[in-house]
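Architecture at a glance
Each chain is listed here by its residues.
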Amino acid sequence: MRRIIEGKRYDTDKAIAIGSASHSHPGDFNWWEATLYKTPRSGAFFLAGKGGPMSRYSRTIGQNEWSGGERIDPLTRKEALEWAEQYLDADEIEEHFGDDLEDA
């Protein structure tokens, strides 16, 4: 998937995949799957995902009519870390956000 958002190009084929998460399965209206990426050049984070008509990736196709969809959402480093903490394991987080972490 490739999108240009606010003059910046986000391309899942060229970016570094950090980790993925999903919910349910494509037959469920709430299903979704998303991958957190980091661009190789600038280190910008983004989330690329797709999902069913009752997911955050839905799109309107008419009055009170929804369909599944897909999109890219740019994230700040803090937002990317928060998403990673919710959906990824400790090794994936430490590899990409190690400098942001501190021992308890």
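The structure contained in this document is the topic of the report that follows. Everything quoted here is computed from the prediction, not taken from an experiment.

Considerations on unusual backbone geometry
Unusually for a residue other than glycine, E6 sits at a positive phi of about 50°. When you line up the elements, E6 lands in the loop between β1 (2-5) and β2 (8-11). Here the phi dihedral of N64 falls at roughly 60°; this positive angle occurs in a residue that is not glycine. Mapped onto the elements, N64 comes out in the loop between β6 (59-62) and β7 (65-67).

Notes on the nonpolar core
Membership of the largest hydrophobic core comes to 15 residues, with the highest contact counts inside it found for L36, W83, L88 and F97. Looking at this core, the elements with two or more residues in it are β3 (16-23), β4 (32-38), β5 (45-51), α1 (77-87) and α2 (90-97). Setting aside residues up to four positions removed in sequence, L36 forms contacts with I16, A17, I18, G19, F46, L47, L75, A80, W83, A84, L88 and F97. Formed by six residues, the second largest nonpolar core is a distinct cluster that contains Y10, Y37, F46 and I72.

Considerations on the packing of α1 against α2
The geometry of α1 relative to α2 is characterised by a closest axis approach of 10 Å and an angle of 165° between their N-to-C directions. Of the possible angle classes, the one that applies to α1 and α2 is roughly antiparallel. In this structure, α1 crosses over α2, and the sense of that crossing is left-handed. The residues of α2 that touch α1, namely those facing R77, A80, L81, A84 and E85, are I93, H96 and F97. Of the residues assigned to the contact of α1 with α2, the class counts are five nonpolar, one polar and two charged.

Definitions and cut-offs
Residues numbered from 1 in each chain as written. Predicted model: local features only at pLDDT ≥ 70, side-chain atom pairs only at ≥ 80, totals over all residues. Heavy atoms only, no water. Helix = DSSP H or I, 4+ residues; strand = E, 2+ residues; numbered from the N terminus. Core = buried A, V, L, I, M, F, W, Y, C linked by side-chain atoms within 4.5 Å. Buried < 20%, exposed > 50% of the residue type's maximum accessible area, 1.4 Å probe, protein only. Contact = heavy atoms within 4.5 Å. Axes fitted to C-alpha atoms, helices over the stretch in contact; angles between N-to-C directions. Parallel < 35°, antiparallel > 145°, perpendicular 65-115°, else oblique. Left-handed = near helix turned anticlockwise from the far one by under 90°. Nonpolar A, V, L, I, M, F, W, Y, C, P; charged D, E, K, R; others polar.

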